[in-house]
Structure formats: structure tokens, C-alpha cells
Amino acid sequence: MHSQHVGRRSQPNRRALLGTIAGVAAAGVAGAFAWDRFGHDSGDDTTADGTGTGASARPTGAHTFERLSGPDRTVARAADGGTLATFTDGARTAVLTGPARTFSEPRTTEARVTTDAWVRLLPREWQQGMEKSAWFKTWFRKALVDTSPDVFAVAFQYSSAGARDKRNADGVRYAGTAHFGPRNSKVSNPLDFAYYDEQSDFFDYLGVPWDFPDGTRVQPEQARYGCVDCSGFQRLVWGYRMGIPVHNTNTKGVGLPRRAYAIAAYGPGRLIIPQTDERPTDLGVLQPGDLVFFAIIKDRPNFIDHVGFYMGLDDQGRHRFYSSRSAANGPTMGDLSGHALLDGTDFYARGFRAARRL
């Protein structure tokens, strides 16, 4: 596998937003974010990072499995026919139905996402018939009652709107408020996409050297400590935290490559919406946790240069995503310098191009 050292890369000039940027009303305490079990306040049975201790809302009795297509997948159903979980052929992402949670970010948006989807990773890519295997039966039995942080909860542990620090036994801060990158002195408009610099990967956030499987060893940049750009954030959450392999190139390899366009083209799992240089019209194929990709460079309208993950419908019935962005200076579901929406006529919606299920 070809290897290359992660360093500064030249970037096309990002597109400046056209038109007026509407202000975002901040409800609640400025700079705060919330992630609560639906129907309870944050002081009840859920902490800010999503570790729940309340009773599971998932049925644990008899269940059946059904095969569906578009994409090919296996759906686990409860005795009443309700969906317990969805497993997509070729992907490790499993979406389970569980206690509803509400995600909000008053600093950057009035929107809220209330969802009963819990996004977890299978130990291997799903294939038809795996529901009959011994390993899956053990895994599924535990997953149905698991309320430990899932992908959504882990991602919000880096919210730019405020997340408390977490350190491992070696004193490394592995979670806490993340920023997008160091200040770019060449850009004066804080709503410009280049106001904070790109190129910060997960090891920059951690502040530790990293050895990749191809033998490449990279050193973090001190100025990028605590920072992750859009693809670096996905590698931090899905790779470092959830265990999907990462590699140090933008070519084919095992796991997640470095940049958004490479993840779209060569990442693990399967494409749910292929890149056709056109804006997708069918959003019904998406499920929570799917990576969504955008072409947002003025002079390269079909070049994928941004990635987030799909959260589902917000309280206005809009398709909302979560990503690390310059205007919010880190991970956000908010609407600064473009609404975090896949539908409608706003900036990111117009630039939406593809989706991948890991």
C-alpha cells in the first residue's frame, strides 16, 4: 500500500457564501449543548455524554428477521412488527431502536433532533444469514439492552458548543470540546470557510504521535492540538473511538483514508448514494449514521471536500447532519455559514452529492 506522510496540503480557495447569512437565535445558555433522554431533564438518568442508566425501551422477547432490498439488508422485528435493528449487507453499521434522545445545540441553531436510533458497529461486515451465527446471537442480545455511548453520543463528546474533557489512564485527553483548526491569518471574515485552517487529523486532536499500519509514523502539530477538520473528525469518532481501521493515504486501503473525497470513493462499507455529480433526490434511503458528502468548492463543483454524518429528521421535519466546520470552529449540527441540512435550497443541501454506510 502506498504511504505518504501527513503534512500540509494545498487547497483550492473555498467558496464564499453568497447572500446574507441569517442570524441564529440562541436559546438557553450561550455555548451550551444538550444531549438528553427524551422526557427527562439532564439531571435525571442521562449524563451530558449520553451514558444512560434508565430502563431500556427495547423489547427483549421473541423477534424475527426480514430481508429487504434497496439496499440489501436484514431487519430484526419485534413480536408486534416494530423494527428492532437494521443490518446492511457489506456494512458494519447497525442501527438499533432504543430509548429516545434529544440532541440540541442552542449556540448555533434552534433545531433539535429527537431520535430513537442508536448507531453501533458490528464486529464484522454484515452478510445475509449472519443472524443464525452464534457470535451474532450473543452480540445482539447484549446490544438490545446496551445504553452505553453509541456513535451519536461519542460524536457529541467533541461538540464545539461545549463538551467536558475525558482523559485516559495515560493522561491523554481523548474527548472534550474540539475545534476545527488554528486561526488562518489570511482570512478576516469569521463566516468564511477558511477562517480556521483545515488539515487537522485525529492525532492532532489527541496530541500524540501515531503509527499507521503501513509503517508511517506521524507527529501531531502543536498548533492543532484539540482540532479536527471534517474528515479528521470522522476518523476520530469512527476510527479512534469506534475501532474502524484508519490509514494514512487517500488511496484504497483497509479502513478510512484521510480526506473526504477518498472516504467517499474508497472507504469501507457500501455506497448508499453514489456520486453522480448531481444532487441526490431520494433521501429516503438514508439511515442515521450514514456518512454524507458534499461538493462545496466554487471552482470544483463536483469535487467532494466535506463530510458529515446523517442524524435523521429534526423537529421541523428537515434532514439534518453533523460535521466539523470552520464557522462553528468544530463539530456542529448548527446553521452558522450554511444550514446543516440535506434538503431545501441552502448551501450544503445544494452541495450534497453522495452517502456511504460504514
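Numbers given to residues run from 1 along each chain, matching the order in which its sequence is written. Whole-chain, interface and lining totals are the exception, using all residues; otherwise, since this is a predicted model, local features are given only for residues with pLDDT of at least 70 and side-chain atom pairs are given and counted only at 80 or more. The side-chain values count all of the structure's non-hydrogen atoms but skip hydrogen atoms and water molecules.

## Observations regarding the overall build of the protein chain
Now for step 1: A helix here means a DSSP run of H or I that spans at least four residues, while a strand means a run of E at least two residues long, and both kinds are numbered starting from the N terminus. Counting its secondary structure elements, the protein chain contains six helices and 16 strands.
Now for step 2: Within the protein chain, the proportion of its 358 residues that are buried is 54%.
Now for step 3: For the protein chain, the share of sequence-separated contacts (at least 6 apart) that also reach a separation of at least 24 residues comes to 60%.
Now for step 4: Each accessible area is a Shrake-Rupley estimate made with a 1.4 Å probe; only the visible protein chains count as cover when residues are assessed. In the structure as shown, the protein chain presents an accessible area of about 14,900 Å², 50% of it carried by carbon and sulfur atoms. Working definition: with a 1.4 Å probe on protein chains only, accessible area under 20% of the residue-type maximum means buried, over 50% means exposed, and in between means partly exposed. Throughout, a contact is declared for two residues whenever any of their heavy atoms are within 4.5 Å.

## Observations regarding helix 1 (residues 134-143)
An α-helix turns once every 3.6 residues. As a result, residues three or four positions apart point the same way.
Now for step 1: Taken residue by residue, helix 1 has F136, W139, F140 and A143 as its buried positions. All buried residues of helix 1 lie within an arc of 95° about the axis, which places them on one face of the element. Turned more than 90 degrees away from the buried face of helix 1, the exposed residues are A134, R141 and K142.
Now for step 2: For helix 1, the elements touching its buried residues are strand 2 (63-68), strand 3 (73-78), strand 4 (83-88), strand 5 (93-104) and strand 6 (112-121). The arc in question is formed by the directions pointing from the helix axis toward the C-beta atoms.

## Some remarks on the packing of aromatic side chains
Now for step 1: Planes of paired rings set the category: under 30 degrees apart is stacked, over 60 is edge-to-face and the rest tilted, where pairs are Phe, Tyr or Trp rings (Trp by its six-membered ring) whose centres lie within 6.5 Å. Following the criterion strictly, the structure yields 29 aromatic pairs and no others.
Now for step 2: Ring plane angle 50° and centroid distance 6.2 Å describe the contact between F65 and F140, whose orientation is recorded as tilted. Of this pair, F65 sits in strand 2 while F140 sits in helix 1, and the two are 75 residues apart along the sequence.
Now for step 3: Each member of the aromatic cluster is reached from another via a ring pair, and the members are F103, F152, F156, Y158, Y205, F233, F309 and Y322.

## A word on the pairing of strand 2
Now for step 1: For two strands to be treated as a pair, DSSP must find at least two bridges joining them. Examined bridge by bridge, strand 2 and strand 3 share six bridges and lie antiparallel to one another. Pairing of F65 across the sheet is with A76, part of strand 3.
Now for step 2: From the end of strand 2 to the start of strand 3, which pair antiparallel, there are four residues, and G70 there has a positive phi angle of about 70°.

## Considerations on the sheet that holds strand 14 (residues 319-325)
Now for step 1: Spatially, the six strands line up as an open sheet ordered 11-16-12-13-14-15, and their pairing is antiparallel. What marks the edges here is a single partner per strand, and that holds for strand 11 (270-273) and strand 15 (330-332). Adjacent strand axes in the sheet meet at a mean angle of 30°, parallel and antiparallel pairs treated alike.
Now for step 2: Relative to strand 13 (residues 306-313), helix 4 (residues 230-241) is tilted by about 60°, and along the sheet it contacts strand 12 (291-294), strand 13, strand 14 and strand 15. Every axis corresponds to a line fitted to the C-alpha atoms, with the helix fit spanning only the stretch in contact, and the corresponding angles, defined between N-to-C directions, vary from 0 to 180 degrees.

## Remarks on the pattern of salt bridges
Now for step 1: Here, a salt bridge means any Lys or Arg side-chain nitrogen found within 4 Å of an Asp or Glu carboxyl oxygen. Under the criterion given, the structure shown has 15 salt bridges.
Now for step 2: Put simply, R67 and D89 hold a salt bridge, and the shortest N to O gap is 2.8 Å. Of this pair, R67 sits in strand 2 while D89 is found in the loop between strand 4 and strand 5, placing the two residues 22 residues apart along the sequence.
Now for step 3: Classification of D89 as buried rests on a relative accessible area of 12%.
Now for step 4: In this structure, D229 and R258 form a salt bridge, with 2.9 Å as the shortest nitrogen-oxygen distance.

## Some remarks on the environment of T64
Now for step 1: Relative to the elements of secondary structure, T64 occurs in strand 2.
Now for step 2: Residue contacts for T64: discarding those within four places in its chain leaves V75, A76 and R77.

## Structural notes on the confidence of the model for the protein chain
Now for step 1: Residue-level confidence of the predictor is summarised by pLDDT, bounded by 0 at the bottom and 100 at the top. Taken as a whole, the protein chain shows an average pLDDT of 85; of its residues, 83% reach a score of 70 or greater.
Now for step 2: Between residues 1-56, whose pLDDT stays under 50, and residues either more than four places distant or in other chains, the model counts 133 contacts.

## Comments concerning the pairing of strand 4
Now for step 1: Counting buried residues along strand 4, five of its six residues qualify, which places the element largely inside the surrounding structure.
Now for step 2: Of the strand pairs in this sheet, strand 3 and strand 4 are connected by five bridges, and their pairing is antiparallel. Bridge assignment links V75 to a residue of strand 4, and that residue is T86.
Now for step 3: Remark: four residues form the turn of the hairpin made by strand 3 and strand 4, two consecutive strands paired antiparallel; G81 in that turn has positive phi of roughly 90°.

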